[in-house]
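Structural description and commentary
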Amino acid sequence: GISTESSTPAFTVVMLGDPGVGKTALTGIFAGDTDSLAIDSEMFVEEVCERTVLVDGESATVTLVDSCNTLEEAVSEVCSVDAFLLVYSITDRASFERAAELRIQIRQAEAYANTPIILVGNKCDLVRRREVPISEARVCAVVFDCKLVETSALMQHNVWLLFDGVIRQLRLRGNSS
Ligand code: GDP
């Protein structure tokens, strides 16, 4: 018979958040472009990055959709969404509040009632400019019923923890598309 064990699951992950929070930089790391912070963000025309990665010895193909400011714009690029990453900057309270608005919009859309959401507090290297305490973000994540990860694209801190974590979470749900 045909073995299905070798088939690689595919997941679509949509990244949302205010401009300037670091979505392009995070995508650059995912895409394997470690010099992404050195390049002007405007040079990135690709808004969708597909990559097959190995997590816990098993492969997964992830399509990462980035650079979208509205939910409508983001979901118009893909057929289905397996997870949302709501990115804010820990140095920018307005971007944290924007993530909360996006969270409400997502939950209001019936299609995404059960879609996992991960709250991503980027730029955690900028400790002196922090405007959003981690304790507050944790409370927010509990209220939102989502995971929280603080990352630094600049230091490449927790970035793969984030992406690997998303893949593990989606595997457990077994809802690859
Ligand atoms: P986007 O508009 O959400 O795609 O944000 P970008 O990825 O273009 O990043 C906006 C600016 O923040 C750029 O100047 C980046 O170099 C910078 N940036 C992104 N991530 C980090 C980070 O983790 N730490 C620091 N210090 N700067 C970052």
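About the thresholds
- Residues numbered from 1 in each chain as written.
- Predicted model: local features only at pLDDT ≥ 70, side-chain atom pairs only at ≥ 80, totals over all residues.
- Helix = DSSP H or I, 4+ residues; strand = E, 2+ residues; numbered from the N terminus.
- Contact = placed C-beta atoms within 7 Å.
- Core = buried A, V, L, I, M, F, W, Y, C linked by C-beta atoms within 7 Å.
- Buried ≥ 20, exposed ≤ 12 C-beta atoms within 10 Å, placed from the backbone.
- pLDDT = per-residue confidence, 0-100.
- Pairing = 2+ DSSP bridges.

**With respect to the environment of L102**
Along the polypeptide, L102 turns up in helix α3 (residues 93-108). Apart from the residues within four sequence positions on either side, L102 is in contact with L16, L71 and L86.

**A closer look at the nonpolar core**
Across soluble globular proteins, you tend to see nonpolar side chains buried next to one another. The biggest cluster of nonpolar side chains holds 43 residues, and the ones touching the most others in it are V13, V14, F84, L85, L86, V87 and I118. Apart from the residues within four sequence positions on either side, L85 is in contact with V13, M15, I118 and V120.

**Overview of the confidence of the model for the protein chain**
Mean pLDDT for the protein chain: 87, with 85% of residues reaching 70 or above. Here residues 36-45 is modelled with pLDDT under 50, and outside its nearest four sequence neighbours on either side it reaches 9 contacts, counting other chains as well. Listed scores for the predicted complex are pTM 0.90 and ipTM 0.99.

**Let's talk about unusual backbone geometry**
One non-glycine residue, D145, lies in the positive phi region at around 55 degrees. Along the polypeptide, D145 turns up in the loop between α4 (134-144) and β6 (147-150). Positive phi, close to 55 degrees, is recorded for Q156, a residue that is not glycine. Residue position: Q156 is located in the loop between β6 and α5 (159-173). For Q156, a count of 15 C-beta atoms within 10 Å gives the class partly exposed.

**Details of the pairing of strand β1 (residues 10-16)**
The buried count for β1 comes to 6 of 7 residues, which makes it a mostly enclosed element. Relative to strand β4 (residues 83-89), β1 runs parallel, the two being bridged by 4 bridges. Each residue of the ladder has a partner; that of M15, found in β4, is L85.

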